[in-house]
Amino acid sequence: MSLNRRNFLASTAALASASMLPRVALAADTIKLGSILDTSGIFDAYGKPMDMAMRLAVDEINAAGGLLGKQVEVTAYDTQSDMALYSQYGQQLTRQDQVDVVHGGILSASREAIRQTMRKTKTPYFYNVLYEGGVCDRNIFINGVTPAQQVEALVPYAMSKSGKKVYILAADYNYGQITARWIQKFVADNGGETVGVDFFPLDVSDFGSTIAKIQSAGPDLVIAPLVGGAHLSFFRQWAAAGMKDRIPLASTTLGVGNEHKVLTPEEGNGIMVAYNYSQELDTPANNAFKEKWAAAYGDSNLIHEIAVSNYQGVLTWAEAVRQAGSLDRDAVIAALETGLSIEGPAGKVTVDPKTHHAVLDVHIMEFANQGMKVIETLPQRQPIDTQAVCNLAANPGDNTQYEIQI
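The structure reproduced in this document is the subject of the present report.

Criteria and cut-off values
- Position numbers for residues count from 1 along each chain, tracking the sequence in the order it is written.
- A pLDDT threshold of at least 70 governs which residues receive local features in this predicted model, and a stricter bar of 80 or more applies before side-chain atom pairs are shown or counted, although totals over entire chains, interfaces and linings include all residues.
- Values shown for side chains rest on all heavy atoms present in the structure; no hydrogens or waters enter the calculation.
- Our working definition of a disulfide is a cysteine sulfur pair at a distance within 2.5 Å.
- Each helix is a run of DSSP H or I of at least 4 residues and each strand a run of E of at least 2, with the numbering of both proceeding from the N terminus.
- Type-normalised accessible area, obtained with a 1.4 Å probe on protein chains alone, sets the label of each residue: buried when under 20%, exposed when over 50%, and partly exposed for intermediate values.
- Centre distance within 6.5 Å is the pairing criterion for rings of Phe, Tyr and Trp, where only the six-membered ring of Trp is used; planes under 30 degrees apart are then read as stacked, over 60 as edge-to-face, and the remainder as tilted.
- For a ring to carry a charge above it, either NZ of a lysine or CZ of an arginine must fall within 6 Å of the ring centroid while also lying within 35 degrees of the normal to the ring plane.
- Asp and Glu are treated as the negative residues and Lys and Arg as the positive ones, with His and the ends of the chain left uncounted.
- The salt bridge definition used is simple: a Lys or Arg side-chain nitrogen within 4 Å of an Asp or Glu carboxyl oxygen.
- Definition of a polar contact: a pair of N or O atoms within 3.5 Å, with one able to donate and the other able to accept a hydrogen when the atoms are protein atoms, and with sequence-neighbouring residues admitted only if both atoms are side-chain atoms.
- Any two residues whose heavy atoms approach within 4.5 Å at even a single point are treated as in contact.
- Nonpolar cores were defined as sets of buried Ala, Val, Leu, Ile, Met, Phe, Trp, Tyr and Cys residues, with membership established by side-chain atoms within 4.5 Å.
- Any two strands with at least two DSSP bridges between them are considered paired.
- Note on geometry: axes are C-alpha line fits, over the in-contact stretch for helices, and angles between N-to-C directions span 0 to 180 degrees.

**So, the state of the cysteines**
No. 1: In total, this model carries 1 disulfide according to the counting rule given.
No. 2: Covalently, Cys 136 is tied to Cys 390 through a disulfide, its sulfur atoms 2.0 Å apart. Residues Cys 136 and Cys 390 are joined by a disulfide whose S-S torsion is about 75°; by sign, that bridge is right-handed. In this pair, Cys 136 sits in strand β5 (residues 135-137) while Cys 390 sits in the loop between α13 (384-387) and β16 (399-401), placing the two residues 254 residues apart along the sequence. Accessibility classification places Cys 136 together with Cys 390 in one group, the buried group.

Below is the structure:
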């Protein structure tokens, strides 16, 4: 065999061996960030701004030199608000695209459709959305508010402005069911009484009989963890029935997708909420963020709660990569578990090492002329609903979603 042929065969064998190596061993020239969101379909009002926020964060990271000397490349999939596509794209991102991290999911069902795939493939996963709490999994990091951060603040404030008798209307799936139980707990803890609880599938848009039922029950306050465009009809029908000025409303979800900008002032003014973010926050960080958003997209009115959570989630991951000096999953997780913090548009965001949830500022707010007026800021609220049952430092192999029992 000639020397040239021997060298050729050796080179071919080396290439073949290299093609079978994991992606990280090939020293790729970019870092791959995977995203799965509903950027079309019935949940696009949530997903489109989340996608825009993620891309804004990546652009900022890249403009500052990237991470580890490499640019961050986005591989994004639109699920078209179809839960089945979350599973398909989760597999594709981790097995075919071999991304270094995944940020994605909106509804709790979408998170659970991909969470086990991320865990099995050891792909770090960030779920950057307000949710019902309780997930305990070392592979996931959650940057949205949980009920003990939000509901614990909202319920006593709303009851102080209305009364002790509370009626709950909730979306009929994981988020609504669990959040309704948290509301019942905090109503009782504050000396109140839950006089009714009703659940509604996401496609229900006629609330006429429900409004009549509420009138018969005679509550002092209605709290509504309702979700999506169909459920927005309740708030319009409530105002049209002349009820808004008779029985106050609070919600754990209304406004996270800028629904308050769709309601007229007559329909929305005075509704009480508690979130991590409002466009009305007059801080240097938020004002700078809105200016960057407007420069990139021309209109900052699309910014909402979970878009900011997604932006802050990407920045949190990026800071962990910097501190780890590596994309290695265990090294990145270890950096996050130091109690890493970033400053975001909504304030300081700190990773709780025990639960992998975020410690966040929570703002009690009321809708006013299609804005969110900040009434009170409760700084650095702990995710105590999850801390009570989840301890990943002691039990790193835990893989449970704990639920409140009442």
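**As for the packing of aromatic side chains**
No. 1: A complete count under the given rule lists 13 aromatic pairs for this structure.
No. 2: Geometrically, the ring pair formed by Phe 207 and Phe 234 is edge-to-face, given 5.6 Å between the ring centres and 75° between the ring planes. Of the two residues, Phe 207 sits in the loop between β8 (193-200) and α7 (208-217) while Phe 234 sits in helix α8 (residues 228-240), which places them 27 residues apart along the sequence.
No. 3: Residue Phe 207 is classed as buried on the basis of its relative accessible area, which comes to 0%.
No. 4: Look at Phe 234 and you get buried, because its relative accessible area is 0%.
No. 5: Between Phe 234 and Trp 238, the ring centres sit 5.5 Å apart and the planes meet at 35°, which makes this aromatic pair tilted. Taken together, the residues Phe 234 and Trp 238, both in helix α8 and 4 residues apart, mark about one turn of the helix. Across the pair, Trp 238 and Phe 234 agree in class, each one buried.
No. 6: Grouped by ring-pair contacts, the aromatic residues Phe 200, Phe 207, Phe 234, Phe 235 and Trp 238 constitute a single cluster.
No. 7: Here the guanidinium or amino end of Arg 111 rests over the ring plane of Tyr 127, the centre of that ring lying 5.0 Å away.

**With respect to the side chain of Asp 38**
No. 1: Positionally, Asp 38 belongs in the loop between β1 (30-37) and α2 (44-63).
No. 2: One buried charged side chain, Asp 38, makes no salt bridge at all; its nearest oppositely charged neighbour is Arg 111, positioned 12 Å away.
No. 3: At 2.4 Å, the side chain of Asp 38 forms a polar contact with the side chain of Thr 79.
No. 4: A polar atom in the side chain of Asp 38 sits 3.5 Å from the backbone nitrogen of Ser 81.
No. 5: With residues near it in sequence (within four places) discarded, Asp 38 still touches Phe 43, Asp 44, Gly 47, Lys 48, Asp 78, Thr 79, Ser 81, Asp 82, Met 83, Tyr 86 and Ile 106.

**As for the nonpolar core**
No. 1: Judged by nonpolar contacts, the single largest core of 119 residues is most densely connected at Leu 169, Val 222, Phe 234, Phe 235, Trp 238 and Trp 317.
No. 2: Beyond its immediate sequence surroundings of up to four residues, Trp 238 is in contact with Ile 211, Ile 214, Val 222, Met 243, Lys 244, Ile 247 and Leu 249.

**Considering the pairing of strand β11 (residues 272-275)**
No. 1: Of the two faces of β11, the one lined by Met 272 and Ala 274 and the one lined by Val 273 and Tyr 275 are each fully buried.
No. 2: Direction of pairing for β11 relative to strand β14 (residues 358-368): antiparallel, over a ladder of 4 bridges. Among the inter-strand pairings, Met 272 is bridged to a residue of β14, identified as Glu 366.

**Some details on the pairing of strand β12 (residues 341-344)**
No. 1: The side-chain alternation of β12 yields one buried face, formed by Ile 342 and Gly 344, and one unburied face, formed by Ser 341 and Glu 343.
No. 2: Where β12 lies against strand β13 (residues 347-351), 4 bridges are found, and the strand directions are antiparallel. Note that in β13 the partner of Gly 344 across the bridge is Gly 347.
No. 3: Counting the residues in the hairpin turn of β12 and β13 gives 2 residues.

**Details of the sheet that holds strand β4 (residues 125-127)**
No. 1: Ordered by their spatial adjacency, 5 strands build an open sheet running β2-β1-β3-β4-β6, and the pairing between neighbours is parallel. Each end of this open sheet is capped by a strand with a single partner; those strands are β2 (71-78) and β6 (140-142). Sheet twist, expressed as the average angle between the axes of neighbouring strands with direction ignored, equals 20°.
No. 2: Of the strands in this sheet, β1, β2 and β3 (101-104) are in contact with helix α3 (residues 83-96), which crosses β1 at around 175°.
No. 3: Sheet contacts for helix α4 (residues 108-120): β1, β3, β4 and β6; angle to β4, the most-contacted strand, approximately 170°.

The analysis is restricted to geometry; functional conclusions fall outside its scope.
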